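Structural overview for review
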Number of protein chains: 2
Amino acid sequence: MAEGGAKRADMVTITDVARHAGVAVSTVSYVLSGKRAISATTRQRVLASIRALGYHPNAGARALASRRANVIALVLPLRSGMHLPVLMQFATAVVTTARQFDHDVLLVTADEGPDGLRRIAASAMVDGIVLMDIEMHDPRVPLLRDLERPSVLIGFPAEAANLTCVDLDFYRAGAICVEHLVALGHRDIALLGAPAVVYERDTGFAHRTRAGFTETAERYGIDAIAQPCEESFDGVRQELAGLLERHPNLSGLVVHNEAAVAHVLATLPLLGRQVPHDISVVAICPDEVAERASPALSSVLIPAEDVGRQAVALLMRKLEGHPVPAATLLDPRLTVRASTAAVATAVSS
Amino acid sequence: MAEGGAKRADMVTITDVARHAGVAVSTVSYVLSGKRAISATTRQRVLASIRALGYHPNAGARALASRRANVIALVLPLRSGMHLPVLMQFATAVVTTARQFDHDVLLVTADEGPDGLRRIAASAMVDGIVLMDIEMHDPRVPLLRDLERPSVLIGFPAEAANLTCVDLDFYRAGAICVEHLVALGHRDIALLGAPAVVYERDTGFAHRTRAGFTETAERYGIDAIAQPCEESFDGVRQELAGLLERHPNLSGLVVHNEAAVAHVLATLPLLGRQVPHDISVVAICPDEVAERASPALSSVLIPAEDVGRQAVALLMRKLEGHPVPAATLLDPRLTVRASTAAVATAVSS
DNA sequence: CGCCGGTCTCGAAGCGCTTCGACAACCTGT
DNA sequence: ACAGGTTGTCGAAGCGCTTCGAGACCGGCG
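Residues numbered from 1 in each chain as written. Chains lettered and ligands numbered in written order. Predicted model: local features only at pLDDT ≥ 70, side-chain atom pairs only at ≥ 80, totals over all residues. Heavy atoms only, no water.

- An unreviewed UniProt entry lists chain A under the name LacI family transcriptional regulator, with Phytohabitans aurantiacus as the source organism.

What follows is the structure, encoded as structure tokens:
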């Protein structure tokens, strides 16, 4: 019995507050919820008692009676190859925003799968669900449709009918990068994307970025190649070396792979290309990464924080029964830094 | 009213199950909890009904009646300069382990502060609390002591009486690194630690590593200097350059800073030091980082997963009223890889 | 044969809260 | 002075579950 003891139930209940303030239990409840008018004097008295006793409503009882848990689930891909900093920023934004709406966040790992979601939802533990890392053909999507709880997805599955989705507009992000490079005079550009395995998993954002890149390049009628990119230093080095050998005139590079971005910058000089003098590099990554790089990267930022905030805000609106747009695409913004420059003159033709 | 509708209460309750199985509500409850003997035939019938109806117990009701929420809180420093990968591994381990004990995890950010903890605890939302990133004089610590919920800390505050703490034994980690270098013949070594701000925040692990390093070096009577280390590439470069200028004979380096480790490896060759030929480097970091580095780093791993698992296991034991050890120090293990070698012969005296 | 001790099941009393209908007390305007 | 509307408060009925005491049934003992 060393020390593990727990004091027996000093828990203050709403009844205690009511007695202390000399009012009915329901009055206390109404003071707390504001759902009925309570005279200023009574309210003050009740609030004083609440403070005096250190009362906190019992979450279980509240959930049971009101049918609202004031908790949302956040489903994270805790083990996948997602990029941690973004994920973290995102989680932070979700928690912070949820708290602003007086909700808490239940952390669920993606590997609990559909059954986990069903359990969470059916047990009325959470009022709604936010999911990250949605795949194109995500097995959880059909389930979400006929779950009785509202949900918001970060990312777009192939079939998004009847769902609420939020994401950066990756198509535009890819397009913007091309436009930026083209405006600087580059005519021979390449996209280094996520590792091949990510494309195979049918992750929507990777595909959409590539589409934006490729189609925009086509529209400008310029040479553009897109290829996956591994994340190890040696992998990057090999791929870059191969790429530059096949396309010696390459003067613009779009990197959509946070983990590889530093390696790319480190490797290019070793391959005889100075950034931005010989080759311009624009990345799609969080600002933090872009700023820290050397040289600082021109980049389209992934607004993880905005996404998280938006997702929660949408969910809250749904919880209140309001209609919300099915798709929310956050507009990418390009920040020009030191890694892109006008194409070097007097090189070709 | 576009589409936001929610189907009215198709929620299956224990009463439905009882009716469907032709037994009393309490019998269903006992089947589920196993707290009383139920005949095999009845049990089968009840379980069949549960499956047939797709019943999931209502978490709020269960929590209210049983005074157990089956949820633990995980308090993370979601915004600080902690190292994300470790934090993630840790969170994953906590969630996974909690699920094995049939508990869920409520995600709480450290910036909710003591009041947040009080709220979570007093509302009976969670049965227990796991806290990361404990500072030496953490303001939450006194609160935890007289909170009515058990808790487990990752890391050690200055005054740990009456608490349950888990962590890697950083003192030993620092010591082991020195011992390893000394065994290889190095007599002039340095520790590159966390950024200065981390020391100022009084984060325990940073201090303890340094103590282990310094005191062990003293015991061997060798030259050892310890200094903080910024995480930017340029910061690392400057500090290393300064260090090598002041101590040209430096032949062993201990790096306790995940973010800086890659920069250190990249910088040393630029300063004319080959690893491990001219200088040995041993890091305190997750295996993942050490393996990916080039050359692969000899390292003492931070067993984030073990720590998370242990923390939850301890908390569960406390929840069941069992006594648990106040301090759990996980033994560091050194893995020798390619970044350390015997000191180069014929250099000195 | 009657009684004791197991084994299995049931009914009812809450857990702490929300919410609904009722009602007293007060205003208006006429 | 009174019908009719506010406004502020109360009591009671649950929400869906756990848990306790008690009862029904059975076989075996003295």
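Some thoughts on the protein's contact with DNA strand D
- Taken together, 29 residues sit near DNA strand D, with A:Thr27, A:Thr42, B:Ile14, B:Tyr30 and B:Arg36 positioned nearest.
- The sugar-phosphate portion of DNA strand D accounts for 55% of its atoms within 4 Å of the protein, the bases making up the rest.
- Here a base oxygen of DNA strand D sits 3.4 Å away from a polar atom, N or O, in the main chain of A:Ala65.
- The side chain of B:Lys35 places a nitrogen or oxygen atom 3.1 Å from a phosphate oxygen of DNA strand D.
- Residue assignment for the surface near DNA strand D shows that the elements contributing at least two residues are helix H2 (25-33) and helix H4 (59-66) of chain A together with helix H2 (25-33) and helix H4 (59-66) of chain B.
- A per-class count over the surface near DNA strand D returns 14 nonpolar, 10 polar and five charged. (Near = heavy atom within 4 Å. Polar contact = N/O pair within 3.5 Å; in protein donor to acceptor, adjacent residues only side chain to side chain. Helix = DSSP H or I, 4+ residues; strand = E, 2+ residues; numbered from the N terminus. Nonpolar A, V, L, I, M, F, W, Y, C, P; charged D, E, K, R; others polar.)

Some details on the protein's contact with DNA strand C
- In the vicinity of DNA strand C lie 29 residues, with A:Ile14, A:Arg36, A:Tyr55, B:Thr27 and B:Thr42 positioned nearest.
- Among atoms of DNA strand C positioned within 4 Å of the protein, sugar and phosphate together represent 55%.
- At 3.1 Å from a base oxygen of DNA strand C is found a side-chain nitrogen or oxygen belonging to B:Ser26.
- Within the backbone of B:Ala65, a nitrogen or oxygen atom sits 3.4 Å from a base oxygen of DNA strand C.
- Looking at the surface near DNA strand C, the elements with two or more residues in it are H2 and H4 of chain A together with H2 and H4 of chain B.
- In the surface near DNA strand C, the residues fall into 14 nonpolar, 10 polar and five charged.

Focus: the relation of the copies chain B and chain A
- Expressed as a screw transformation, the operator carrying chain B onto chain A has a rotation angle of 180° and an axial translation of 0.1 Å, and the superposed copies differ by an RMSD of 0.2 Å. On the angle and the small slide along the axis, the relation comes out as a two-fold axis. (Least-squares fit on C-alpha atoms with pLDDT ≥ 70 in both.)

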